[in-house]
Amino acid sequence: VILSVLAVFLTSDHTNRYHQHMEAEKKTSCTDHGDEIFCTHLPLVQIDTGGEEIPGKTIIDESGRKIGYTQSSEGEDEIRAYIKVTDHEKTNNHIGDESSVESDIMIHVRGNSSRAFDKSSYAIRLITENGENNSQSIMGMDAHHEWVLHGPYLDKSLIRNYMWYNIAGEIMDYAPNVRFCELVVNGDYRGIY
C-alpha cells in the first residue's frame with residue numbers, strides 16, 4: 001500500500017494548483033469612490049433569492065433540541081435563486097460591476113451541526129432556465145455545476161480549510177480547489193467565504 005501511494009505521488013503532476021494567497025495579481029486601489037461603495041480585492045459573489053430565506057437552517061425547540069430544518073415557502077429543501085460572480089483580474093470588484101459568471105441556481109444551507117451556526121455554508125447547483133445542470137468555471141477553477149460556499153464560522157483565522165485543501169492538493173490526486181471570496185445575499189453582506 002505504501003508503495004502504490006508513493007508511486008501515485010511521484011508520477012502525478014501536482015504543480016498546477018493555484019494558490020490564491022501567493023499568485024493572485026495585486027490590484028490597484030480604487031480612488032474614484034468613497035466608503036459608501038462596496039469595494040473588495042477578492043472575488044465577489046452575489047446571490048438573489050427574490051427575498052426568500054434559504055432553507056436548511058436548524059430548527060431548535062425550547063429545550064434546545066434539534067427538531068428539523070427550515071424549508072422554503074413551498075415546503076422544499078432548496079430554492080431557485082440567481083448568482084453573479086464578479087472577479088476582475090486587475091481591478092477591485094464592486095456590487096454594480098459586470099459579472100464574469102451568472103446563472104440560475106438551486107441553493108440550500110449545508111452541513112450537519114454547522115447548520116445552526118450564525119454564518120451558514122451553502123450548497124449550490126448551477127442550472128439553466130430549464131433546470132438542467134449548467135457547468136461553469138468560477139474564479140479560475142475547473143467548470144462544474146456543483147459548488148460550495150463554506151462559511152468558516154469556527155475558524156476565526158479564515159485559513160484552516162484553505163490551507164489544508166491546498167496542502168492535500170499538493171500530495172494527493174484529488175482535493176477540492178478553494179478560493180476566498182466575499183458573499184452578498186439579497187443585498188446583505190454575509191462576510192468572507
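Residues numbered from 1 in each chain as written. Predicted model: local features only at pLDDT ≥ 70, side-chain atom pairs only at ≥ 80, totals over all residues. Heavy atoms only, no water.

Student: Describe the overall build of the chain, listing the residues and the values that go with them.
Tutor: The secondary structure content of the chain amounts to 3 helices and 11 strands. Secondary structure elements of the chain occur, N-terminal to C-terminal, as α-α-β-β-β-β-β-β-β-β-β-α-β-β. Scored against the burial criterion, the 193 residues of the chain give a buried share of 37%. Taking as baseline every contact in the chain between residues at least 6 positions apart, the subset at least 24 positions apart corresponds to 59%. As presented, the chain carries roughly 12000 Å² of accessible surface, and 52% of it is formed by carbon and sulfur atoms. Across the chain, the mean location of the 17 positive side-chain charges is 6 Å away from that of the 31 negative side-chain charges. (Helix = DSSP H or I, 4+ residues; strand = E, 2+ residues; numbered from the N terminus. Buried < 20%, exposed > 50% of the residue type's maximum accessible area, 1.4 Å probe, protein only. Contact = heavy atoms within 4.5 Å. Areas by Shrake-Rupley, 256 points an atom, 1.4 Å probe, with all protein chains shown as cover. Lys, Arg positive; Asp, Glu negative; His and termini not counted. Charge placed at Lys NZ, Arg CZ, Asp CG, Glu CD.)

Student: I'd love a proper account of the pairing of strand β9 (residues 146-149), names of residues and values included.
Tutor: Consecutive side chains along a regular strand alternate between the two faces of the sheet. The two faces of β9 differ: W147 and L149 on one face are buried, but E146 and V148 on the other face are not. In this structure, strand β8 (residues 121-127) lies alongside β9, joined through 4 bridges in antiparallel fashion. Across the sheet, A123 pairs through a bridge with V148, a residue of β9. (Pairing = 2+ DSSP bridges.)

Student: Could you give me a rundown of the packing of aromatic side chains, with the residues and numbers involved?
Tutor: Taken as a whole and judged by the stated rule, the model has 4 aromatic pairs. Geometrically, the ring pair formed by Y122 and Y193 is stacked, given 6.4 Å between the ring centres and 25° between the ring planes. Of the two residues, Y122 is situated in strand β8 and Y193 in the segment after β11 (188-192); the sequence distance between them amounts to 71 residues. Judged by its relative accessible area of 3%, Y122 is buried. (Phe/Tyr/Trp six-rings, centres within 6.5 Å; stacked < 30°, edge-to-face > 60°.)

Student: Describe helix α3 (residues 160-171), and please don't skip the residues or the numbers.
Tutor: A turn of α-helix holds 3.6 residues, and therefore any two residues three or four places apart point the same way. For α3, built from 12 residues, the straight-helix expectation of 16 Å at 1.5 Å per residue is met to within 8% by its first-to-last C-alpha distance of 17 Å. Buried within α3 are the following residues: Y162, N166, A168 and G169. Seen from one end, α3 has its buried residues packed into an arc of 160°, which puts them on one side. On its buried face, α3 sits against α2 (20-23). (Expected span 1.5 Å × (residues − 1). Arc of directions from axis to C-beta.)

Student: Before we move on, could you go through the environment of C181 and cite the residues and values that matter?
Tutor: With respect to the helices and strands, C181 occurs in the loop between α3 and β10 (182-185). Along the chain, C181 and P43 lie 138 residues apart, while their C-alpha atoms are 4.8 Å from each other. Once residues within four sequence positions are removed from consideration, C181 is found in contact with L42, P43, V45, M139, L149, G191, I192 and Y193.

Student: Residue-level account of the confidence of the model for the chain, with values.
Tutor: Taken as a whole, the chain shows an average pLDDT of 89; of its residues, 92% reach a score of 70 or greater. Long-range and interchain partners of residues 1-14, a stretch whose pLDDT sits below 50, account for 11 contacts in this model, where long-range means more than four residues apart. (pLDDT = per-residue confidence, 0-100.)

Student: Please give an account of the nonpolar core that cites residues and values.
Tutor: As a rule of thumb, soluble globular proteins bury nonpolar side chains together. Counting 23 residues, the largest nonpolar core has V45, I47, I107, Y122, I124 and L149 as its most contacted members. Listing elements by their share of this core, those giving two or more residues are β2 (44-48), β5 (79-86), β7 (101-110), β8, β9 and β10. The residues touching Y122, leaving out its near neighbours within four places in the chain, are I54, I107, H108, V109, R110, W147, V148, L149, L183, R190 and Y193. (Core = buried A, V, L, I, M, F, W, Y, C linked by side-chain atoms within 4.5 Å.)

Student: Give me the lowdown on the sheet that holds β7, citing residues and values where you can.
Tutor: The strand order β9-β8-β7-β5-β2-β10-β11 describes an open sheet built from 7 strands, whose pairing is mixed. Looking at strand neighbours, the two that pair on one side only are β9 and β11, the edges of this open sheet. If you compare each strand with its neighbour and ignore which way they point, the axes differ by 30° on average. Sheet topology note: the β7/β8 ladder contains 7 bridges and is antiparallel. Looking at β8, one finds that I105 is bridged to L126. (Axes fitted to C-alpha atoms, helices over the stretch in contact; angles between N-to-C directions.)

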